[in-house]
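# Close look at the chain arrangement
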Amino acid sequence: MLEVFIFATLNGLVTGLLLFMLASGLTLIFSMMGVLNFAHASFYMLGAYFAYSISLQFGFWLGLIFAPLIVGCLGAAVERYGLRRVHESGHVAELVFTFGLAFLIEEAIQFFWGPDTKNYQSPDILDFPLFTLFGQEFSAYRGFMIGVSVLIFIGLFRVLTRSRIGIIIQAAITHPNTVANLGHNVPLIFRGVFGVGTALAGLVGVIAGPVLTTFPGMAIVLGSIVFVIVVIGGLGSLAGAFIASLLIGLLQSYAIASDVGMPDLLNFLGVSFERDHPLNDLWTMTLPQIAPILPFLLLVLVLIFRPTGLMGNREE
């Protein structure tokens with residue numbers, strides 16, 4: 001039982017930190033521009049595909065460096081030549097624009113790379129067990145994923161709270177006219193933030209692609225979860241996104257690792273039902289079966305009892 005708990009915790013941390021890296025870019029974009037970017041997970045997918053193509057010729061590490069940069073440049077171009085023009089028409093137009101962009105990116109990926117799953121592999125240098133516990137191995141690559149995620153969190157926190165750039169960004173969020181009057185190019189700041197946010201999504205794609213598989217539907221798998229995290233954590237709150245990501249990662253990991261279900265609860269309560277009962281399927285459900293919907297149940301509860309999220313103070 002102890003070994004199941006330990007490895008479920010480790011796997012939950014890996015998942016949660018990856019989700020945070022993806023959600024941090026979306027949180028950064030929203031806190032700066034007030035835009036909920038529906039195409040954010042598509043940039044994550046682009047990162048995985050660009051890294052896959054680069055790794056075929058130059059190896060994993062160059063893909064790790066250049067794929068996020070390419071995705072970030074594409075994101076900056078989208079903000080400059082698309083989103084900035086749509087911004088004048090309001091939030092609904094922005095949502096529709098990013099929603100359409102997500103479909104466009106998915107179709108482009110299938111056109112250039114095909115609909116099949118790509119054999120994107122982690123680097124050979126990290127293909128060894130980091131440690132062995134209770135006869136089970138924890139791979140070095142998963143440790144690498146945890147390390148990168150923690151460094152991203154520390155870096156973002158320090159830049160946004162301790163640096164001059166962070167102060168300018170924070171000021172541009174609430175007082176853009178004042179920042180402009182002080183001589184700063186606010187549109188350029190917006191473009192930079194959008195580019196950095198999409199580059200972070202691309203970085204997640206690079207390091208998650210070998211583990212979560214690289215295929216055209218990978219954006220859909222994580223896209224909805226990322227929005228759940230942003231809402232649960234609180235719109236625009238980086239710390240809230242971090243807490244919500246870990247909470248969801250651990251919650252799903254514990255649920256998948258457990259073998260508890262409704263039959264155990266019913267037996268404990270001394271209740272039984274006939275096999276032909278209309279709700280028999282409900283009474284036989286287990287936690288691993290409902291693990292995928294647990295984030296959405298948590299979302300509903302948070303919205304009921306704390307509509308602004310765990311650490312948010314904005315409701316737009």
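A few points on the structure. Nothing here was measured: the structure is a model prediction, and the numbers come from that model. (Residues numbered from 1 in each chain as written. Predicted model: local features only at pLDDT ≥ 70, side-chain atom pairs only at ≥ 80, totals over all residues. Heavy atoms only, no water.)

## A look at helix H5 (residues 140-162)
Helix length check: H5, at 23 residues, gives a terminal C-alpha distance of 32 Å against a target of 33 Å (1.5 Å per residue), a fit within 8%. Within H5 the residues assigned to the buried category are Ala140, Tyr141, Phe144, Met145, Ile146, Val148, Ser149, Ile152, Leu156 and Leu160. (Helix = DSSP H or I, 4+ residues; strand = E, 2+ residues; numbered from the N terminus. Expected span 1.5 Å × (residues − 1). Buried < 20%, exposed > 50% of the residue type's maximum accessible area, 1.4 Å probe, protein only.)

## What to know about the packing of aromatic side chains
For the coordinates displayed, the defined rule picks out 18 aromatic pairs. On the numbers, 5.2 Å between centres and 50° between planes, the contact of Tyr49 with Trp113 is tilted. Placement of Tyr49 in helix H2 (residues 40-58) and of Trp113 in helix H4 (residues 91-113) is noted, with a sequence separation of 64 residues between them. On the basis of relative accessibility, which here comes to 18%, the residue Trp113 falls in the buried class. Here the aromatic rings of Phe111 and Phe112 are separated by 5.1 Å at their centres, their planes lie at 90°, and the arrangement is edge-to-face. For the pair Phe111 and Phe112, one class covers both residues: exposed. Taken together, the ring pairs connect Tyr52, Phe60, Trp61, Tyr120, Tyr141 and Phe144 into an aromatic cluster. (Phe/Tyr/Trp six-rings, centres within 6.5 Å; stacked < 30°, edge-to-face > 60°.)

## What to know about unusual backbone geometry
Even without glycine at this site, Thr213 takes up a positive phi of about 70°. By the element assignment, Thr213 lies in the loop between helix H8 (186-212) and helix H9 (218-233). The class for Thr213 is partly exposed, based on a relative accessible area of 37%.

## Overview of the pairing of strand E1 (residues 129-133)
Pairing of E1 with strand E2 (residues 136-139) involves 4 bridges; the strand directions are antiparallel. When the sheet's bridge partners are listed, Pro129 is paired in E2 with Ser139. Linking two consecutive strands that pair antiparallel, namely E1 and E2, is a turn of 2 residues; a positive phi of about 55° is found at Phe134 within it. (Pairing = 2+ DSSP bridges.)

## What to know about H2
Its 19 residues give H2 an end-to-end C-alpha distance of 27 Å, which sits within 8% of 27 Å, the value for a rise of 1.5 Å per residue. By the criterion of burial, H2 is predominantly enclosed, with 15 of the 19 residues buried. Count one or two residues on from H2 and you reach Gly59, which has phi positive near 100°.

## A few points about the side chain of Glu94
Along the chain, the position of Glu94 falls in helix H4. With residues up to four places along the chain from it excluded, the contact list for Glu94 reads Gly34, Val35, Leu83, Val86 and His87. (Contact = heavy atoms within 4.5 Å.)

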